[in-house]
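Observations on the model geometry
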Amino acid sequence: WWTLSKMRVGLGTTRFPKKDRKNTVRLFRFAIDSGMNYIDASRSYWDIELLLKKVLKDGYREKVTLSSKWSPWMMKKEEPTEFYMRKNIEESLKRLDVDYLDYYQIWHLSSREQFRSVTKKGGMVDGLLKAKDEGLIKEIGYTTHDTLENAIKSIKEAEWASMVTFSYNLLNQEFEEALRIAKELGKTTVVMNPLGGGSFLRDNSFLKNLS
C-alpha cells in the first residue's frame, strides 16, 4: 500500500503523440520530473508500452506508480479467462521491461454480465490474484463506464480490487456517489478524462453557460 500515499497526478497515455517518439519520451520525463507520478498504460494503446520502456530507464521506474490494463472486450480475439489474463500481464511486463507492475486493471468492466464473467472460477480475477501472489503485480483494479447503479454494486462486491477508475470532470459528475462509496470502502480512486478528453484545452466557450 506504499504506492497509495504517493499517487497524486497521473498521466493517461492513449493520446500521446505516436510519430515523434523522441520528443514524446522527453515529454513523459518532463512530466515525471515536474511531479506527475502515476502512469496508466494499456496493452491496447497502440505500442505505448514499448515507448514507456524507454521512458522508465535511468531510474525513472522508481519515480512512478505504474499501471497497465487489458480488456477482452476491446481485444475481441481473446476471452475473459485466467489464461488470457496471465498472458497479457506477462506481455506487459516484457514490453515495459519491468519486474512488476504496481497495478494491473481490468479495462472497461462496464456491465453486470462482464463482472460475472471475470469473477467466475477460471476467470480474469483468478489470474490477477495468482499474479499478485507471485509478485508480478502489487494491487488489482478495474476501470468502468457502467451505469451508476451497476458501478456501485460492483464496487461493493469487488473485494479483490483495491482501485477503481472512473470518468469524472466538470461536465460529467455522474459517478460522484460511486467515488464516495469507493473511498468509504478504502479503495483507491482514479479519475480519467479530468479535462474531458482534451476538450477543455480547445474551445472552452461552453464554460460560460455553466455559471
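One can find the structure itself at the top, above this paragraph.
Residues numbered from 1 in each chain as written. Predicted model: local features only at pLDDT ≥ 70, side-chain atom pairs only at ≥ 80, totals over all residues. Heavy atoms only, no water.

Side note on the packing of aromatic side chains
Tallied over the entire structure, the rule returns four aromatic pairs. Plain terms: the ring middles of Phe83 and Tyr84 are 5.1 Å apart, the flat faces sit at 80° to each other, and that makes the pair edge-to-face. Residue class for Phe83 comes out exposed when judged on its relative accessible area of 58%. Ring plane angle 45° and centroid distance 5.8 Å describe the contact between Tyr142 and Trp160, whose orientation is recorded as tilted. With a gap of 18 residues between them, Tyr142 in strand E5 (residues 137–143) and Trp160 in the loop between helix H7 (148–157) and strand E6 (163–167) connect regions that are remote in the sequence. For Trp160, a relative accessible area of 15% translates into the label buried. In this structure an aromatic cluster arises from ring pairing among Phe115, Tyr142 and Trp160. The ring of Tyr100 carries Arg61 above its face, with NZ or CZ at 4.6 Å from the centroid. One Lys or Arg, Arg112, reaches over the ring of Phe115 and ends 5.1 Å from the middle of that ring. (Phe/Tyr/Trp six-rings, centres within 6.5 Å; stacked < 30°, edge-to-face > 60°. Buried < 20%, exposed > 50% of the residue type's maximum accessible area, 1.4 Å probe, protein only. Helix = DSSP H or I, 4+ residues; strand = E, 2+ residues; numbered from the N terminus. Lys NZ or Arg CZ within 6 Å of the ring centre and 35° of its normal.)

Some words on unusual backbone geometry
Positive phi, normally seen in glycine, also occurs at Asp58, with a value near 60°. Its location among the elements puts Asp58 in the loop between helix H3 (48–55) and strand E3 (65–70). In the Ramachandran plot, Asp97 falls in the positive-phi region, its phi being about 60° despite a non-glycine side chain. Looking at the secondary structure, you find Asp97 in the loop between helix H4 (82–96) and strand E4 (101–106).

What to know about the nonpolar core
Counting residues in hydrophobic clusters, the biggest one holds 48 residues, and the most contacted among them are Ile106, Tyr142 and Trp160. Apart from residues no more than four positions distant in its own chain, Tyr142 is found in contact with Gln105, Ile106, Leu109, Ala151, Ser154, Ile155, Ala158, Trp160, Ala161, Met163, Val164 and Thr165. (Core = buried A, V, L, I, M, F, W, Y, C linked by side-chain atoms within 4.5 Å. Contact = heavy atoms within 4.5 Å.)

Here we look at the packing of helix H2 (residues 21–33) against H3
Between H2 and H3, the least distance of the axes is 9 Å, while the angle of their chain directions is 60°. Relative to H3, the element H2 lies oblique. Taken as a pair, H2 and H3 cross one another with a handedness that is right-handed. Packed against H2, whose contacting residues are Arg21, Thr24, Val25, Phe28, Arg29 and Ile32, the element H3 presents Ile48, Leu51, Leu52, Lys54 and Val55 at the interface. (Axes fitted to C-alpha atoms, helices over the stretch in contact; angles between N-to-C directions. Parallel < 35°, antiparallel > 145°, perpendicular 65-115°, else oblique. Left-handed = near helix turned anticlockwise from the far one by under 90°.)

Structural measurements only, silent on function.
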